[in-house]
Structures are given as C-alpha cells and as structure tokens.
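An overview of the molecular structure
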Amino acid sequence: MFIQAILGASVTAMAGLYALKSGANPAHSDNVPYEVDLHWMRKSIEVMPPCHFNAYGSVIVNASNNELLCSGYNSQLAIGDPTEHGEVNAIRNCVKKYTELGWTPAQITEIWPQSWIYTTAEPCPMCGSTILQSGFKRVVYGTSSPDLVGMGWTEYLVSVRVKWLRKAAVVQPGFGGGRPVTQVVGHVGNNETDPRLAWQFNLDYPCPEGCHRHGEEQVCKSVA
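Reading the values: the criteria
- Residues numbered from 1 in each chain as written.
- Predicted model: local features only at pLDDT ≥ 70, side-chain atom pairs only at ≥ 80, totals over all residues.
- Heavy atoms only, no water.
- Disulfide = S-S within 2.5 Å.
- Helix = DSSP H or I, 4+ residues; strand = E, 2+ residues; numbered from the N terminus.
- Buried < 20%, exposed > 50% of the residue type's maximum accessible area, 1.4 Å probe, protein only.
- Pairing = 2+ DSSP bridges.
- Axes fitted to C-alpha atoms, helices over the stretch in contact; angles between N-to-C directions.
- Contact = heavy atoms within 4.5 Å.

**A few points about the state of the cysteines**
- The full count for this structure, using the stated rule, is 3 disulfides.
- Disulfide pairing places cysteine 70 opposite cysteine 94 at an S-S distance of 1.9 Å. With the S-S dihedral at roughly 100°, the linkage between cysteine 70 and cysteine 94 falls on the right-handed side. Here the residue cysteine 70 occupies a position in strand S2 (residues 67-73), and cysteine 94 occupies one in helix H4 (residues 86-100), the gap between them amounting to 24 residues. The pair formed by cysteine 70 and cysteine 94 is uniform in burial state, with each residue classed as buried.
- Note on cysteine connectivity: cysteine 207 is disulfide-linked to cysteine 220, with sulfurs 2.1 Å apart.

Here it is, written out as structure tokens:
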C-alpha cells in the first residue's frame, strides 16, 4: 500500500508537469522579451562553479521589477542530499534569506506567485512538481529532457518515455490553489546551456571554457 501511494503521488505530480507542457490548462503569460529571458538564463549559468558536473543552475526573479531574488545550483554530489537540485536549492535559499530578514512564512509563500524561475535544464518531475505547487508565474529552461537523455543523463528517461501522462494531463487540474497556472518556456539559451551538460558522459566533447580533462576519469576541471 505504501509503494502504491508513493507511485500514485508521483504519477499525479508528473501529470501536473505534463499538463503545463501539453497546454491542458490555461497558462499565465507575461509577454516577456526573449532578451530578458536570455539574460536570466545566463545568470543561471553564472551562479554555478566552473566546470560543475551537475550543471543545473537556477535563479528566481521578481516578475514585477525584473529583480534577482535568489539563486542556487545542484549540490547533491557535494552534500549527499538527492533533493538538492538547482531549482529546489534556489527556493531554499530564498526561504533562508527572507526568514533572516524577518518575513513570516505567509509572506514568503507569496513570493513564488509573483516570481519567475529560470533553470539551465528542463525541470525533473521533483522540481517541476515543486514549481507547480509553489505557484510560480513562469518557469524558463534551457536544455530539454530529450536532449539531456541524448547527452547521457539517463535519469531523464522517465520524463521522456512516459508519454501517456500527456493524456492523463487533460484531466489533471493545475496546482496552485486557484492561482494562475505556471507558464513553461523552453529552449532559451540552450546553445549556451547545452555545452555545460554535454561533456560529462562524452569524452570527445570539449570541456567548457576555462576547463580541461583531468585524471583517469577525464573529468573537466578548472584550469589552475
């Protein structure tokens, strides 16, 4: 029963993510210029250390004044927490920042519906569900799940292969407690995010600028 409950929750969460992608729910649109999205996508790249293996960076931006609120990147290998993906890390950093500024939990909760979140790659089911339930206005990503799988990131096979969820999404209500459904925008600056994610499982692919292959495993590291 426990396993069935977990699987059921996962299916519901992933169906919600596909609801956004399939257009099953009305999407909030801010008509944001591409140049603005590209600027923040580049910031999502910049927040990561050079040659970062799990090159998933993220920034959260105030939608009303285009101001950077918080940032984060995937640090699961560094601390051993499998939930420390870029988007979740950015959200946690926001919670920490505004808690220290004296904001109440209710005030912090209202940050998300007034914000955009940018991420260097298409959100995984865990991050996508978190974004939906938070009620972000928009989520903008660079590299797509199919491209990630082609690069060797096999954990994204779930997102790519389970296409029947698109049908389930038709009857899946949007998350967010009556707030506008999050708009999903993809392939923004992917010509700049792809190279950060293409070298890890392909030894013939060049390292990002300022990095070189190192050691027996030929991992890209910063040039000393």
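**Some thoughts on the pairing of strand S6 (residues 211-214)**
- Pairing analysis gives 4 bridges linking S6 to strand S7 (residues 219-222), with the strands arranged antiparallel. Bridge pairing in S7 links histidine 214 to valine 219.
- Counting the residues between successive antiparallel strands, the hairpin from S6 to S7 contains 4 residues, one of them, glycine 215, with a positive phi of roughly 75°.

**Looking at the sheet that holds strand S4 (residues 138-143)**
- Here we have 5 strands laid out as an open sheet, ordered S2-S1-S3-S4-S5, and mixed in their pairing. The sheet terminates laterally at S2 and strand S5 (183-185), the two strands that pair on one side only. Strand-to-strand, the axes of this sheet are offset by a mean angle of 15°, without reference to chain direction.
- Looking at chain direction, S4 and S5 are connected through 3 bridges and run parallel. Each bridged residue has a counterpart across the sheet, and for valine 140 the counterpart in S5 is valine 185.
- Relative to S2, H4 is tilted by about 125°, and along the sheet it contacts strand S1 (57-62), S2 and strand S3 (115-121).

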